[in-house]
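Coordinate analysis (summary)
Below, each chain spelled out in residue letters.
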Amino acid sequence: MWLVVGGPLAVVVASLITVWIAVRHADTVLPREAAPARVAEPLERLSPEERLQAEKAVLPAGQARNHVVSPTLPKGD
């Protein structure tokens, strides 16, 4: 009998613990004023210096994306 009741009982206990953890350690909601939204300006309207700054801002994301798509293989001996 304990094999039949024990499985579902373990699942119920685990789900209650999961709910308790989720409620106890919930992330706080940030107010909208905390980080103002930036509207992207078309690159054609930017000066060369501003365009360079905008391209530098997204450089790490672009490098990571390109590395995932075509990873380099280690060189053999």
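As the structure is a computational prediction, the values presented were derived from the model and not from experiment. For every chain, the first residue of its written sequence is number 1, and the numbers climb from 1 along that sequence. Since the coordinates come from a predicted model, pLDDT governs what is reported: local features require at least 70, and pairs of side-chain atoms require 80 or more to be given and counted, while whole-chain, interface and lining totals use all residues. Only hydrogens and water are set aside when side-chain values are computed; all heavy atoms of the structure are taken into account.

1. Some points on the overall build of the protein
Along the protein, the regular secondary structure elements total three helices and zero strands. Each helix corresponds to a stretch of at least 4 residues labelled H or I by DSSP, and each strand to a stretch of at least 2 residues labelled E; elements are numbered beginning at the N terminus. Its helices and strands taken in sequence order, the protein reads α-α-α from the N to the C terminus. Residues classed as buried in the protein amount to 3% of the 77 residues present. Surface exposure here means Shrake-Rupley accessible area, sampled with a 1.4 Å probe, where a residue is shielded only by the protein chains that are shown. Carbon and sulfur atoms form 65% of the exposed surface of the protein, whose accessible area is close to 7900 Å². Only protein chains enter the area calculation, which uses a 1.4 Å probe; residues under 20% of their type maximum are buried, those over 50% are exposed, and those in between are partly exposed.

2. Points about a nonpolar patch on the surface
Patch membership requires over 30% relative accessible area and the absence of a salt bridge. Like charges are linked within 9 Å, and nonpolar side chains (Val, Leu, Ile, Met, Phe, Trp, Tyr) within 5 Å. Take a side-chain nitrogen of Lys or Arg and a carboxyl oxygen of Asp or Glu: if they are within 4 Å of each other, that pair is a salt bridge. On the surface, Met1, Trp2, Val4, Val5, Leu9, Val13, Ile17, Trp20 and Ile21 cluster together into a nonpolar patch covering about 1000 Å² of accessible area. As for its placement among the helices and strands, tryptophan 20 is situated in helix α1 (residues 2-24). With a relative accessible area of 51%, tryptophan 20 lands in the exposed category.

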